[in-house]
Amino acid sequence: RLLALAAVASALQPQVRAALNHWEPELVDIVATTADCCAMIARRVSSPLVRETSGGGGVNVQGEKQTPMDVFADTLLNDALRPLAKTLASEEADSIIAGSGDTYSIAFDPLDGSSNVAVSLPTGTIFGVFKGDALLGKPRQNLVAAGYCLYSSSCEFVVATVDDGLPRRFYLDGIMFRDAGTMQETPKRGPYYSLNDAREPDWPAGLQSWVYSAKRGKTAAGTKYSSRYVCALVADVHRTLITGGWAGNPRPHLRSLYEAAPLAFVANACGGYASDGVGDVLDMDIRDIHARTSYFCGSVDDVKDLEACGDVQQGAATYDA
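A brief report on the enclosed structure follows. (Residues numbered from 1 in each chain as written. Predicted model: local features only at pLDDT ≥ 70, side-chain atom pairs only at ≥ 80, totals over all residues. Heavy atoms only, no water.)

Turning next to the overall build of the protein. On a plain count of helices and strands, the protein comes out with 10 helices and 13 strands. The dimensions of the protein, computed from C-alpha atoms along their principal axes, are 55 × 40 × 35 Å. For the protein, the proportion of its 321 residues judged to be buried stands at 55%. Entry remark: accessible area of the protein is about 12800 Å², with carbon and sulfur atoms responsible for 50%. Taking the average location of the 28 positive side-chain charges in the protein and that of its 38 negative ones, the two points are 5 Å from each other. (Helix = DSSP H or I, 4+ residues; strand = E, 2+ residues; numbered from the N terminus. Buried < 20%, exposed > 50% of the residue type's maximum accessible area, 1.4 Å probe, protein only. Areas by Shrake-Rupley, 256 points an atom, 1.4 Å probe, with all protein chains shown as cover. Lys, Arg positive; Asp, Glu negative; His and termini not counted. Charge placed at Lys NZ, Arg CZ, Asp CG, Glu CD.)

What follows is the structure, given as structure tokens:
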């Protein structure tokens, strides 16, 4: 039933297809179909009935509690993209899934920040499209396109490809994404940092030092930074790419393949930068589909300043909330 819905919806994104018509047709099909799915996820995630039932579900391969929306989004994307992609990898799945396509593979986080659904806060979908079946290895060599969809006060679909300038931006109007032109270039510095400040006692010394200085206007920027934190990676990164600053998590918590690399690709296309705290995320060697990394993404000068502090990667830790 979900595949049938996706097949019907695939004709409903003419502006996505038109804006990307200079891309390879197979790549356009994958990206436009992903947008189709995101339009359906947006419609479903905004339903009060979904919010009332969002506490149920099983446990995924990451050991995390799934909501019904996690399952819906994952099933929808898998059913719609399997005929188009050579292989698929989902944050919710144990292993790589075989598809029927020939040219590209896709990795995705079906619903980033799904715990926010129950309290009507932003969520998102993240995806990366790779050459052949080259999901593993260095993202800079293998990623050909990446993007995300933000489900918030408006629904935005953002996508970038290699050597095509700034990412393309679309907003959802009913069930159709409408072309909103390109993203703006990310400022070299910004006024915000975004992470969970409550974990400060557990941060390494370099990160503590940078944040202490940033609050007092004593970093290289000379700006007194403010903190903004939604706890949905798509929302925090989207804001950061527009306003500047950085967003991330010092723990090795974010999934390299499904979250870190695709968002780093988009940031790079905006003139921004993503680091694991030591070097460029696009140059890291991903050896497992469920590998995790520390992550700092946003304005190139701010993230480079953070790197220069050294000792900004926190060890693995779990928290109750």
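Looking now at the pattern of salt bridges. Per the counting criterion, the structure on display carries 13 salt bridges. Notably, a salt bridge pairs Arg189 with Asp302, separated by 3.4 Å at the nearest N-O pair. Residue Arg189 is found in the loop between strand E8 (176–182) and strand E9 (192–194), and its partner Asp302 is found in helix H10 (residues 300–309); the two are separated by 113 residues along the sequence. We classify Arg189 as partly exposed; its relative accessible area is 29%. Linking Arg239 and Asp236 is a salt bridge whose minimum nitrogen-to-oxygen distance equals 3.1 Å. A residue pair is termed a helical-turn pair when its members lie 3 or 4 positions apart in one helix, as Arg239 and Asp236 do in helix H8 (residues 233–243) at three residues. Arg239 gets classed as buried once you look at its relative accessible area, which sits at 18%. If you follow the salt bridges from partner to partner, you end up with Arg140, Asp280 and Asp283 in one network. (Salt bridge = Lys/Arg side-chain N within 4 Å of Asp/Glu carboxyl O.)

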